[in-house]
Amino acid sequence: MIKSIKGTKDLLPTDVFNIQDIEKHLVQFLSIHGYGEIRTPIFESTELFARSVGEHTDIVNKEMYTWIDQNGQSLTLRPEMTASVIRAYIQKQIWKSEPISKYFYIGPAFRRERPQKGRLRQFHQFGVESIGSDNPEQDAEVISMAYNIYKMFGIEKLSVNINSLGSIDCRQKYSNDLKESLKKFKNDFNESEIKRLENNPLRILDTKNKKIRKIIEENAPSIFNYISNDDKKHFDMIKKILNELNIPYIHDQGLVRGLDYYTKTVFEITSDALGAQDALCGGGRYDNLVENLGGKSVPAIGFAAGLERLLIAMNLENEENMFTDIYIVNQETQIIPQIMNLADIIRKELGVSVYVDSLRRSMKSQLRHADKLNAKYCIIFDYEKLKTEKVYIKNMNENEQQIIHVEKIISYFEQDS
Ligand code: AMP
C-alpha cells in the first residue's frame, strides 16, 4: 500500500469545512485592517531562503526540501512565506508605486522537522507583512492584529511575548559578548550547540536543552541591554500603544526567534492549550531584508502563524460539521430521473443543499444517513403516497411530518425560508 509521507496530512471534508470557515473569518478580519492577499509560488530558488532566513539556521541547514532541477538550478519548497513575499515585492519594484504595502497570505509551507502533535512537514501558515513603515505604531498594529485574531477565534490563555533585538549594528557586539560569556561552559554543549555558538551565537538562545537554558539564564548578557536609545524609544512606544489597546504582554528579554532577518521588535504568541509545541505565531521587524535581497532600503514587519496549531487550540480537530438542508429519501427506481431533476430545481431556485442517495438503500438507512448529515428536512417519496402524487416532508429538528402534493414542494420550502 502506498502511504502518505510522514509529517503530511490528508484533509477530509470535515477538516476542510473547518479550515475554510476559519479562512473566511481570517480574510474578512485582515481585509478590514487594509491588508490584501498575496499568493506566491510554492517553490523558489534555494538561494532566496539561504540569504533571508539565514545559512546557519536550522531551517536552512537541515529542514528544507531542496532538489536540483534539470537545468542545474537548486530549488526549494518554501519553508516560510516572508522571503517569497519580499522577493515578489522587489521583483515588481512595488516601492515605486506605493509608499506602504500591506499583504496577507495563507498557504502551505514545508520543513523536514521531526513530526509530532502540532509539528508537521507540510503545514499551513497565514500571516501578514507590512512593508514601508519603520514607526512603532506599525509594530503595534501587527502585534495587536495577531492577538485579536486568536481572540476572535475564542482562544483564551494567550501569552504575548515581546522583545527588541535592536538594529544590526548592536548585534555584532552582543554576539561576541554572548560567545565570550558561554565559552567556559563548552564542555556542557553538544556538537551542534558548539557549532551554533561559533556560527550564529544568537541561535543558542533558542535551545530547548534545559541545562543550557539554565547556563544562559545565569551567565549570558541580555540583548536588550545592547540596543540603542532610539531602539528603546521605539520599543517603549509599542508598549504604550499595546497598553492603550488593552493587549496584555510580557517583555521577555530572552526572546530572539529562529530566523536571521529580524531586527528590533520580535514577538511570539503562545497558548497553554497547545502542549509542547506551544507557539501559535511569531513575527517581528525585518528592516534590512528588502535591501539585502537586492531592493531599496525599505523597513518591514510581519508575523506568521500556524493554521494547524490554531485548529488544535480551537479544539476543532475532530468536530463533525457536515450538514445538508434537504435529504430526498426515495426507494422507487422508476422515478430516479425525476428525483434528480427535482433536487436540481430546488438547488437552483432556493440555493439550498440537497442530498440524493445513490446507493439505493432502504428507507431506514436513508433516514439514518440524513440524520448523520444533520439534514433539516427530508422529502420522503413513499410508494403508497405516490399513488396520489403526495410526499411526506419531515422536519428533522422537530421530528414532525406533513403530507403535501409533489407540485407544492418548492412553494413549501419557499414559505419556510
Ligand atoms: P516560524 O516561521 O518558525 O516563525 O513559525 C511561525 C508559526 O508557524 C509557528 O508559531 C507555528 O505556529 C507554525 N509552524 C512552524 N513550523 C511548523 C511545523 N513544522 N508544523 C506546524 N506548524 C508550524
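Here the structure is a predicted model, which means the values were calculated and not measured. (Residues numbered from 1 in each chain as written. Predicted model: local features only at pLDDT ≥ 70, side-chain atom pairs only at ≥ 80, totals over all residues. Heavy atoms only, no water.)

Trainee: How would you summarise the nonpolar core if you had to cite specific residues and measurements?
Mentor: In this structure, I86, Y89, I131, L182 and I204 are the most contacted members of the largest nonpolar core, which totals 50 residues. Counting residues per element, this core draws most heavily on helix α4 (residues 82–91), which supplies 6 residues. Counting 43 residues, the second largest nonpolar core, distinct from the first, contains Y35, M145, F224 and L280. (Core = buried A, V, L, I, M, F, W, Y, C linked by side-chain atoms within 4.5 Å. Buried < 20%, exposed > 50% of the residue type's maximum accessible area, 1.4 Å probe, protein only. Helix = DSSP H or I, 4+ residues; strand = E, 2+ residues; numbered from the N terminus.)

Trainee: Give a description of the site of the ligand that names residues and reports values.
Mentor: Lining the immediate surroundings of the ligand are 16 residues, of which R111, E113, L120, R257 and L280 lie closest. In the model, an oxygen atom of the ligand is placed 3.0 Å from a nitrogen or oxygen of the L280 main chain. Starting from 490 Å² of accessible surface for the ligand in isolation, the protein chains cover 92%. Going through the elements one at a time, β6 (122–131), β10 (279–285) and β11 (300–306) are the ones with two or more residues in the shell around the ligand. A class-by-class count of the residues in the shell around the ligand yields 8 nonpolar, 3 polar and 5 charged. (Near = heavy atom within 4 Å. Polar contact = N/O pair within 3.5 Å; in protein donor to acceptor, adjacent residues only side chain to side chain. Areas by Shrake-Rupley, 256 points an atom, 1.4 Å probe, with all protein chains shown as cover. Nonpolar A, V, L, I, M, F, W, Y, C, P; charged D, E, K, R; others polar.)

Trainee: If you had to explain the packing of helix α5 (residues 136–152) against helix α9 (residues 229–244) to someone new, which residues and values would you point to?
Mentor: Two quantities define a packed helix pair, namely the angle between the axes and the distance from one axis to the other. One way to put it is that α5 packs onto α9 with a least axis distance of 8 Å and a crossing angle of 45°. Accordingly, the angle class assigned to the pair α5 and α9 is oblique. Regarding α5 and α9, the two cross each other, and that crossing is right-handed. Facing α5, whose interface residues are P136, E137, D139, A140 and I143, α9 presents H234, M237, I238, I241 and L242. (Axes fitted to C-alpha atoms, helices over the stretch in contact; angles between N-to-C directions. Parallel < 35°, antiparallel > 145°, perpendicular 65-115°, else oblique. Left-handed = near helix turned anticlockwise from the far one by under 90°. Contact = heavy atoms within 4.5 Å.)

Trainee: How would you explain the layout of surface pockets if you had to name every residue and give the values?
Mentor: As a volume, the second largest pocket reaches approximately 520 Å³. Lining the second largest pocket are 27 residues, and of these I168, R171, N200, D260 and Y261 lie nearest its centre. At the level of secondary structure, the elements contributing two or more residues to the lining of the second largest pocket comprise α2 (46–52), α6 (168–182) and α10 (289–292). At 6 residues, the largest contribution of residues to the lining of the second largest pocket is made by α6. Along the lines of polarity and charge, the residues of the lining of the second largest pocket split into 10 nonpolar, 10 polar and 7 charged. (1 Å grid on protein atoms, 1.4 Å probe; cavity = no way out; pocket = protein on both sides within 12 Å on 5 of 7 lines; lining within 4 Å. Points joined across faces, edges and corners; volume = space filled by probe spheres on them.)

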